[in-house]
Amino acid sequence: MSKEARPSWDSPMQFVLACVSYAVGLGNVWRFPYLCQMHGGGGFLIPYLLMLVLEGIPLFCMELAIGQKMRLGSIGAWTAINPYLGGLGIASVVTSMYLCLYYNVINAWSFWYLFHSFQSVLPWAECPVNSNRTGYLEECEVASPTQYFFFRETLNISSSIDENGGIHMGQALCLLLAWIIVYLFIVRGVKSTGMVVYFTATFPYVVLIIYLIRGVTLHGAWNGVKYLFTPKLEQLANPQTWINAATQIFFSLGLGFGSLIAFASYNHHNNNFERQAVVVSLINSSTSVFASIVTFAIYGFKATFNYESCLERMRLLLLNTFDLSEDTISVENISSWISHLNFTHPERFAAIASKIEDCSLEAELDTAVEGTGLAFIVYSEAIKNMPLSQLWSVLYFVMLLLLGMGSMLGNVTAIITPLGDLKFLSRTLSNETINGLVCLLCFLLGFGFTSRSGNYWFTIFNEYAATFSLLFIVLIEVISVCYIYGLRRFEKDIEDMLGHRPNWYWKLMWAVISPVLLISLFIFYIINYIQGGTPTYQAWDKDLGKSVVKEYPVYGQVFIVLLLVSSVSCVPLSALYAFCRRKQRGTPVPPQTLNMSSDI
């Protein structure tokens, strides 16, 4: 397909919504609130917003500019910039493929929870009875109903990665449904995607607003909101705070996957991508803050509920042990009564000392949870205690699905766009067929995640498949644009599209600040990986009713190394292949591709 015949977005708004739908994903709901909780509440916004300006917006704009100028997917765009850089596009496609394999599994979990929400009593609200119907299942009583439902009913998880077990057919069907819907969303390429994003980009905000209104009216919600916005400025002296802020900006915007290049390749030549980059980046970060307010309102309700339940348990324990009247002890004076009874009745108090709990609202709020633990356990626990819990459960998991599906549109587009640009494929197969084959392949490769040990492999992909490779890809991208393609040539390309050259801010970020930050993050990741020792994972222990730390077996460690190397190695191997082909043909490298200009 020629560039002239290339389909385009119907309007700039459609492109912006596609970028918002892609960038605003599950990380805004379950990763950013966790980082705020870990790094000083509102104080975390200082490094976060600074990294947005120094790293996020400039790199986001750079990828949009490349896609819009080249009108090609990642492989074609980087090959056009320099024949030796085609491996960058391949690395992006491989990384996007890894992401698609496990990311849609989360959507399958959301479907599973959504389907189970249409019950008179939510299945994670109480423990199931045992086979003798004499009590509740011991594993559930030791853990909690929400943990039991996630680890046993949803995942049917094994006790270690070594125990494979069979396929969870319910999850396999949910995963199939998730991939069918993704295919329907992208079946006609940008035309069908352009229609879908109007819904996937906007409806999650409707749900968030509804949840905000409901959340702030819950008992104890303001305890969570106050906790969020109470800054602990001492955390600014912690280097890890700044590193996490930089990585959160980097990954939440979806840099390096090739999705932004693919989306921008469907823009008209004179589209104002510069303004759109700023708008989408600000919307993404604002959504993270907005989602955090909603999350901490719910979190405050849960923490207050647990805190007051703890106090009530202690009150009843003291009343029953010391035969006191009902109105003697209240939740307000329970601490003083514990001290008093311990002093006046030491022997009787010693008998119940092991049952005395330290009830603390601050400790409940300090319990940091991220990822699936926040999305599927903590939220579920809060939802089950709400009035009309089924309604709030349906709304919540529909929102998760839309956020996940919106991101999947970008992830799959990063794969199908470069493949559709390949002449030998586009001549023999229709776009619908290529899209269908990609979805089918991803479904089959991701089928293993629905096995009993699948969650452990999911964790490997989540932690190792993208982090290292994306840092490497974007670092090579910015160096290639500024120091191989040439910053002056890049300025002229932008002037050709926008009618003006980029100002000093963009040039300084691209040529100096962003590369330095990326190199720092890259070095930190390598040092952290080496110093971390043998990689570990959280394995579910059904006897203890909680997760325990275990080391990955040798084959698991080898697989981690292969994941880290597989995508990154595409860059040098592709360059070597291009060099050998040119040498064999006796074709010199075009002089313009060796332009080393980088003047600011």
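These figures come from a predicted structure and were not determined experimentally. (Residues numbered from 1 in each chain as written. Predicted model: local features only at pLDDT ≥ 70, side-chain atom pairs only at ≥ 80, totals over all residues. Heavy atoms only, no water.)

Draft legend 1. Structural view of the overall build of the protein chain. Summing up its helical and strand segments, the protein chain has 27 helices and two strands in all. Here the C-alpha radius of gyration of the protein chain, 26 Å, is about what a compact globule of 600 residues would show, namely 25 Å. For the protein chain, the spread of C-alpha atoms along the principal axes amounts to about 95 × 50 × 45 Å. Sorting the 600 residues of the protein chain into buried and exposed places 55% on the buried side. Relative to all contacts within the protein chain whose residues are 6 or more apart in sequence, the contacts with residues 24 or more apart total 82%. Counting every atom, the protein chain has about 25100 Å² of accessible surface; 63% of that belongs to carbon and sulfur. (Helix = DSSP H or I, 4+ residues; strand = E, 2+ residues; numbered from the N terminus. Rg over C-alpha atoms; globule rule 2.2 N^0.38 Å. Buried < 20%, exposed > 50% of the residue type's maximum accessible area, 1.4 Å probe, protein only. Contact = heavy atoms within 4.5 Å. Areas by Shrake-Rupley, 256 points an atom, 1.4 Å probe, with all protein chains shown as cover.)

Draft legend 2. Unusual backbone geometry, seen in detail. If you check the backbone angles, Asn156 has positive phi at about 45 degrees while not being a glycine. Among the secondary structure elements, Asn156 is positioned in the loop between α8 (145-154) and α9 (169-186). Residue Asn156 is classed as partly exposed on the basis of its relative accessible area, which comes to 30%. Backbone geometry places Leu388, a non-glycine residue, at a positive phi of 55 degrees. If you trace the backbone, Leu388 turns up in the loop between α19 (371-384) and α20 (389-421).

Draft legend 3. The arrangement of a nonpolar patch on the surface in detail. On the surface, Ile167, Met169, Leu173, Leu176, Ile180 and Leu184 cluster together into a nonpolar patch covering about 550 Å² of accessible area. Turning to its location among the elements, Met169 is positioned in helix α9. (Patch = residues over 30% accessible without salt bridge, like charges linked within 9 Å, V, L, I, M, F, W, Y side chains within 5 Å. Salt bridge = Lys/Arg side-chain N within 4 Å of Asp/Glu carboxyl O.)

Draft legend 4. Quick look at the layout of surface pockets. Approximately 360 Å³ is the volume found for the second largest pocket. Taken together, 21 residues make up the lining of the second largest pocket; nearest its centre are Pro7, Gly189, Val190, Tyr266 and Asn431. Those elements that place two or more of their residues in the lining of the second largest pocket are α10 (190-200), α20 and α22 (431-446). At five residues, the largest contribution of residues to the lining of the second largest pocket is made by α20. Residues that form the lining of the second largest pocket fall into these classes: eight nonpolar, eight polar and five charged. (1 Å grid on protein atoms, 1.4 Å probe; cavity = no way out; pocket = protein on both sides within 12 Å on 5 of 7 lines; lining within 4 Å. Points joined across faces, edges and corners; volume = space filled by probe spheres on them. Nonpolar A, V, L, I, M, F, W, Y, C, P; charged D, E, K, R; others polar.)

Draft legend 5. Region of interest: the packing of aromatic side chains. Counted according to the given criterion, the structure contains 46 aromatic pairs. For the pair Phe32 and Phe44, a centre-to-centre distance of 5.9 Å together with 55 degrees between the ring planes defines the contact as tilted. Placement of Phe32 in helix α3 (residues 32-38) and of Phe44 in the loop between α3 and α4 (45-70) is noted, with a sequence separation of 12 residues between them. Aromatic side chains Phe199 and Phe203 sit 5.2 Å apart centroid to centroid with 25 degrees between the ring planes, which places their arrangement in the stacked category. Above the plane of the ring of Tyr299 lies Lys302, whose end atom (NZ or CZ) is 5.7 Å from the centre. (Phe/Tyr/Trp six-rings, centres within 6.5 Å; stacked < 30°, edge-to-face > 60°. Lys NZ or Arg CZ within 6 Å of the ring centre and 35° of its normal.)

Draft legend 6. Inspection of α20 at higher detail. The end-to-end C-alpha separation of α20 is 48 Å, in line with the 48 Å expected for 33 residues at 1.5 Å each. The element α20 is largely enclosed, with a buried count of 28 among its 33 residues. (Expected span 1.5 Å × (residues − 1).)

Draft legend 7. Region of the structure containing the side chain of Ser110. As for its position among the elements, Ser110 is in helix α6 (residues 86-115). Residue Ser110 is classed as buried on the basis of its relative accessible area, which comes to 1%. Every residue in contact with Ser110, bar those within four places of it in the chain, is listed here: Phe376, Phe397, Leu400 and Leu401.

Draft legend 8. Local environment of the packing of helix α26 (residues 554-568) against helix α27 (residues 570-585). One way to put it is that α26 packs onto α27 with a least axis distance of 5 Å and a crossing angle of 40 degrees. Overall, the two elements α26 and α27 adopt an arrangement that is oblique. Across from Ser566, Ser567 and Val568 in α26, the residues of α27 making contact are Cys570, Val571 and Pro572. In the contact of α26 with α27, the residues fall into four nonpolar, two polar and no charged. (Axes fitted to C-alpha atoms, helices over the stretch in contact; angles between N-to-C directions. Parallel < 35°, antiparallel > 145°, perpendicular 65-115°, else oblique.)

Draft legend 9. Quick look at the state of the cysteines. Under the definition given, this model contains two disulfides. Disulfide pairing is shown between Cys127 and Cys140; the S-S distance is 2.0 Å. One disulfide, between Cys127 and Cys140, carries an S-S torsion of -85 degrees and so falls in the left-handed class. Here Cys127 is found in the loop between α6 and α7 (138-142), whereas its partner Cys140 is found in helix α7, with 13 residues between them in sequence. The exposure class of Cys140 is buried, given its relative accessible area of 1%. Across a sulfur-sulfur distance of 1.8 Å, Cys310 and Cys359 are joined as a disulfide pair. Across the S-S bond linking Cys310 and Cys359, the dihedral sits near -75 degrees, which makes this disulfide left-handed. A residue pair is termed long-range when its members are at least 10 positions apart, and Cys310 in helix α15 (residues 273-322) and Cys359 in the loop between α17 (346-352) and α18 (361-366) qualify at 49 residues. Under the relative-accessibility criterion, Cys310 is labelled buried at 6%. Numbered by order of appearance in the sequence, the disulfide-linked cysteines of the protein chain pair as 1-2, 3-4. Between Cys442, a cysteine without a disulfide, and Cys100, which holds the nearest cysteine sulfur, the sulfur-to-sulfur distance is 5.1 Å. For Cys442, a relative accessible area of 0% gives the class buried. (Disulfide = S-S within 2.5 Å.)

Draft legend 10. Geometry of the pattern of salt bridges. Enumeration over the complete set of coordinates arrives at seven salt bridges. What emerges from the salt-bridge pattern is a single network uniting Glu491, Glu495, Arg501 and Lys507.

Draft legend 11. Quick look at α27. Here α27 spans 22 Å end to end across 16 residues, near enough to the 22 Å set by a 1.5 Å rise per residue. For α27, the set of buried residues is Cys570, Val571, Ser574, Ala578 and Arg582. Seen from one end, α27 has its buried residues packed into an arc of 95 degrees, which puts them on one side. The exposed set on the far side of α27, more than 90 degrees from its buried face, consists of Leu573, Tyr577, Lys583 and Gln584. Where the residues of α27 are buried, they touch α6, α24 (467-498) and α26. (Arc of directions from axis to C-beta.)

Draft legend 12. Highlighting the confidence of the model for the protein chain. Mean pLDDT for the protein chain: 87, with 96% of residues reaching 70 or above. Note on residues 591-600: pLDDT is under 50 here. Beyond four places in sequence and across chains, it has 29 contacts. (pLDDT = per-residue confidence, 0-100.)

Draft legend 13. Here's a closer look at the packing of α6 against α26. For the pair α6 and α26, the least separation of the axes is 8 Å and the interaxial angle reads 145 degrees. In this structure, α6 uses Ala91, Val94, Thr95 and Tyr98 to contact α26, whose residues at the interface are Leu563, Ser566 and Ser567. When its residues are assigned to classes, the contact of α6 with α26 shows four nonpolar, three polar and no charged.

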